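# Tertiary structure, described
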Amino acid sequence: MGNSLKAIVAFVPSNECQKYLLEDLEEMPVDKTVDLSGRQLRRLPLHICSFRELVKLYLSDNNLNHLPPELEQLQNLQILALDFNNFKALPLVVCTLKQLCILYLGNNKLCSLPLELRLLQNLKTLWIESNCLQYLPEVVCELSLLKTLHAGSNALRGLPTQLRCLQELRTIWLSGNLLSDFPSVLLDMPFLEVIDVDRNSIRFFPSLAHLPGLKLVIYDHNPCRNAPKVAKGVRRVGRWSEETPEPRKRSGAVIEITLDEKPSPPPAAKPEPE
């Protein structure tokens, strides 16, 4: 009954109903964190926007599809979680929060990202997994401090060449997309430490041995006939990784090797800004 009642109350804009949804959250918490995840919210209670020193705001797993312009008052916000909602477009007010370091947009219905996203020049972590993206928006390539990009489970067929401009990028997750070729732009990014292209349609892997920063490459569940060559000490997860030899060719035939299991996916716990 609790969740059902909250779902009904979420439609009612009265102050009393908003206080019910906030569970008597009348003052900003000492830790400057508000977590309203899983509250059946269909609109953000405006009272939250009065907490001008707020640093972390978690709105995951609700029914939100828009945000009020008053959100712009939260100019100290560093972490904003909007994943598992119903956003078809990123509200432009989010792009006014220039201190954001971490932005979670996964599991929505986004087909693009606004050009105004370029205003978030402090952004270090961007999660846009499980949306409806058929291409990686080029505006992402303008986020110069970005270190982690999670774009898995979309419908990406390639990556823009401008991605090489992200010289702070260390980790890129691209699993569960529609890549038929290994993205060539990644070969020009020697600073990458983790590349995940699991569950795509890649048939051939170029050598990655020239990438000095690489520590881990995950390429399992691709119809590939070779393993990517890597430098000594780099871990590979996929067919013919370090635990098993690459296939030997005999009269044009390839001997199949059993697939290794992929390790657990990226941690569900949301990281803190550095």
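Residues numbered from 1 in each chain as written. Predicted model: local features only at pLDDT ≥ 70, side-chain atom pairs only at ≥ 80, totals over all residues. Heavy atoms only, no water.

- The chain is annotated in an unreviewed UniProt entry as LRC10 protein of Cepphus grylle.

## Quick word on the environment of Leu 57
- Relative to the helices and strands, Leu 57 resides in strand β2 (residues 56–58).
- With a relative accessible area of 0%, Leu 57 lands in the buried category.
- Measuring from C-alpha to C-alpha, the distance between Leu 57 and Ala 81 comes to 6.5 Å, with 24 residues separating the pair along the chain.
- Setting aside residues no more than four positions away along its own chain, Leu 57 makes contact with Val 34, Ile 48, Leu 71, Leu 74, Leu 77, Ile 79, Leu 80 and Ala 81. (Helix = DSSP H or I, 4+ residues; strand = E, 2+ residues; numbered from the N terminus. Buried < 20%, exposed > 50% of the residue type's maximum accessible area, 1.4 Å probe, protein only. Contact = heavy atoms within 4.5 Å.)

## Quick notes on the pattern of salt bridges
- Tallied over the entire structure, the rule returns 4 salt bridges.
- Measuring nitrogen to oxygen at the nearest pair gives 3.9 Å for the salt bridge that ties Lys 215 to Glu 193. Here the residue Lys 215 occupies a position in the loop between β8 (194–196) and β9 (216–218), and Glu 193 occupies one in the loop between β7 (171–173) and β8, the gap between them amounting to 22 residues.
- Judged by relative accessible area, which is 26%, Glu 193 ranks as partly exposed.
- Here Asp 198 ties to Arg 199 by a salt bridge, and the two come within 3.7 Å at their closest N and O atoms. (Salt bridge = Lys/Arg side-chain N within 4 Å of Asp/Glu carboxyl O.)

## Remarks on the sheet that holds strand β5 (residues 125–127)
- The parallel open sheet is built from 10 strands, whose spatial order is β1-β2-β3-β4-β5-β6-β7-β8-β9-β10. Since the sheet does not close on itself, it has two edges, and those belong to β1 (33–35) and β10 (235–237), each with one partner. Averaged over all pairs of adjacent strands, the angle between their axes in this sheet comes to 5 degrees, without regard to strand direction.
- In this sheet, β5 lies alongside strand β4 (residues 102–104) in parallel orientation, the contact comprising 3 bridges. Among the inter-strand pairings, Ile 102 is bridged to a residue of β5, identified as Thr 125. (Pairing = 2+ DSSP bridges. Axes fitted to C-alpha atoms, helices over the stretch in contact; angles between N-to-C directions.)

## As for unusual backbone geometry
- Of note, the phi angle at Ser 130 is positive, near 55 degrees, even though the residue is not glycine.
- Residue placement: Ser 130 occurs in the loop between β5 and β6 (148–150).
- Here Ser 153, not a glycine, exhibits a phi torsion of approximately 55 degrees, which is positive.

## With respect to the environment of Arg 39
- The topology assignment puts Arg 39 in the loop between β1 and β2.
- Expressed as a C-alpha distance, the spacing of Arg 39 and Asp 61, which sit 22 residues apart in the sequence, is 7.6 Å.

## A closer look at the side chain of His 150
- In this structure, His 150 sits in strand β6.
- Engagement of the side chain of His 150 in a polar contact is seen with the backbone nitrogen of Gly 152, the distance being 3.4 Å. (Polar contact = N/O pair within 3.5 Å; in protein donor to acceptor, adjacent residues only side chain to side chain.)

## A short note on the state of the cysteines
- Considering all chains together, one arrives at 0 disulfides under this definition.
- Cys 165 supplies the cysteine sulfur nearest to Cys 141, a cysteine that is in no disulfide, at a spacing of 7.0 Å.
- For Cys 141, a relative accessible area of 8% corresponds to the buried category. (Disulfide = S-S within 2.5 Å.)

## Overview of the packing of aromatic side chains
- For the coordinates displayed, the defined rule picks out 3 aromatic pairs.
- Ring geometry for Phe 205 against Tyr 219: centres 5.4 Å apart, planes inclined by 65 degrees, an arrangement best described as edge-to-face. Taken as a pair, Phe 205 in the loop between β8 and β9 and Tyr 219 in the loop between β9 and β10 lie far apart in primary sequence, 14 residues in all. Comparing Phe 205 with Tyr 219, the two get one shared label, buried.
- Here the aromatic cluster, defined as three or more aromatic residues joined through ring pairs, consists of Phe 182, Phe 205 and Tyr 219. (Phe/Tyr/Trp six-rings, centres within 6.5 Å; stacked < 30°, edge-to-face > 60°.)

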